[in-house]
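# Summary of the model geometry
Each chain, letter by letter, is given below.
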Amino acid sequence: QVQLVESGGGLVQTGGSLRLSCAASGFTFSSYSMGWFRQVPGKEREFVAAITWNGVSPFYSDSAKGRFTISKDNAKNMVYLQMNSLKPEDTAVYSCAATTLGLQIEPFRYQHWGQGTQVTVSL
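Read on for an overview of the structure. It should be emphasised that the depicted structure is a prediction, and the values quoted were computed from it without experimental measurement. (Residues numbered from 1 in each chain as written. Predicted model: local features only at pLDDT ≥ 70, side-chain atom pairs only at ≥ 80, totals over all residues. Heavy atoms only, no water.)

### Some thoughts on the environment of Tyr 60
Within the secondary structure layout, Tyr 60 lies in strand β6 (residues 58-60). Not counting chain neighbours up to four residues away, the residues in contact with Tyr 60 comprise Phe 47, Val 48, Ala 49, Lys 65, Phe 68, Thr 69 and Ile 70. Only 3.0 Å separates the side chain of Tyr 60 from the backbone nitrogen of Ile 70, close enough to count as a polar contact. (Helix = DSSP H or I, 4+ residues; strand = E, 2+ residues; numbered from the N terminus. Contact = heavy atoms within 4.5 Å. Polar contact = N/O pair within 3.5 Å; in protein donor to acceptor, adjacent residues only side chain to side chain.)

Here it is as structure tokens:
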């Protein structure tokens, strides 16, 4: 019933751009804050970006700041992550997540998770 489905991942060269999308269903999307996280094998899940329920107050990790933009469209039940100036160290599986607890940066505070989409940045 509750679903978060990411799309838009793929292979890009260093300096390129990707826009990730996350389609939500089965819950009251407009009341949730949303986040993007990434993970590579052997490392813990890393916070990337988050946004408040109304889509007007984004927050970014230091690595994402200035390059990535999170946005939330409550009318379409969609959250996006625009990624520019990509680097090889951005390579990871990117997941979107939803929480009722306000803007959060810790994974355990999120109640719903998508399956993830692979982003690979080549040299």
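### Section: unusual backbone geometry
Even without being glycine, Asn 77 reaches a positive phi, approximately 55 degrees. Positionally, Asn 77 belongs in the loop between β7 (68-73) and β8 (78-83). Even without being a glycine, Ser 85 presents a positive backbone phi close to 50 degrees. Here Ser 85 is to be found in the loop between β8 and β9 (92-99). A residue is classified by how much of its surface remains accessible, and Ser 85, at 41% relative accessible area, is partly exposed. (Buried < 20%, exposed > 50% of the residue type's maximum accessible area, 1.4 Å probe, protein only.)

### Here we look at the state of the cysteines
Inspection of the entire model under this criterion finds one disulfide. Here Cys 22 engages in a disulfide with Cys 96; their sulfurs sit 1.9 Å apart. With the S-S bond torsion at 50 degrees, the cross-link from Cys 22 to Cys 96 turns out right-handed. Separated by 74 residues along the polypeptide, Cys 22 in strand β3 (residues 18-25) and Cys 96 in strand β9 bring together distant segments of the chain. A relative accessible area of 0% means that Cys 22 is categorised as buried. (Disulfide = S-S within 2.5 Å.)

### Considering the pattern of salt bridges
Enumeration according to the criterion identifies four salt bridges in this entry. Residue Arg 38 pairs with Glu 46 through a salt bridge whose shortest N-O separation is 2.9 Å. Its salt-bridge partner being Asp 62, residue Lys 65 comes within 3.7 Å of it at the nearest N-O pair. (Salt bridge = Lys/Arg side-chain N within 4 Å of Asp/Glu carboxyl O.)

### Concerning the nonpolar core
Grouped together as the largest cluster of nonpolar side chains are 28 residues, with contacts concentrated most on Trp 36, Leu 81, Met 83 and Tyr 94. At the level of elements, β3, β4 (33-39), β5 (46-51), β7, β8, β9 and β11 (117-122) are the ones that each hand at least two residues to this core. Membership of the second largest hydrophobic core comes to five residues, among which are Phe 47, Ala 50, Ala 97 and Tyr 110. (Core = buried A, V, L, I, M, F, W, Y, C linked by side-chain atoms within 4.5 Å.)

### Some thoughts on the environment of Arg 19
Summarising the element assignment, Arg 19 is placed in strand β3. Residues Arg 19 and Gly 9, 10 residues apart in the sequence, show an inter-C-alpha distance of 7.6 Å. Residues within four places of Arg 19 in sequence aside, it is in contact with Ser 7, Gly 8, Tyr 80, Leu 81 and Gln 82.

Shape descriptors only; they carry no functional weight alone.
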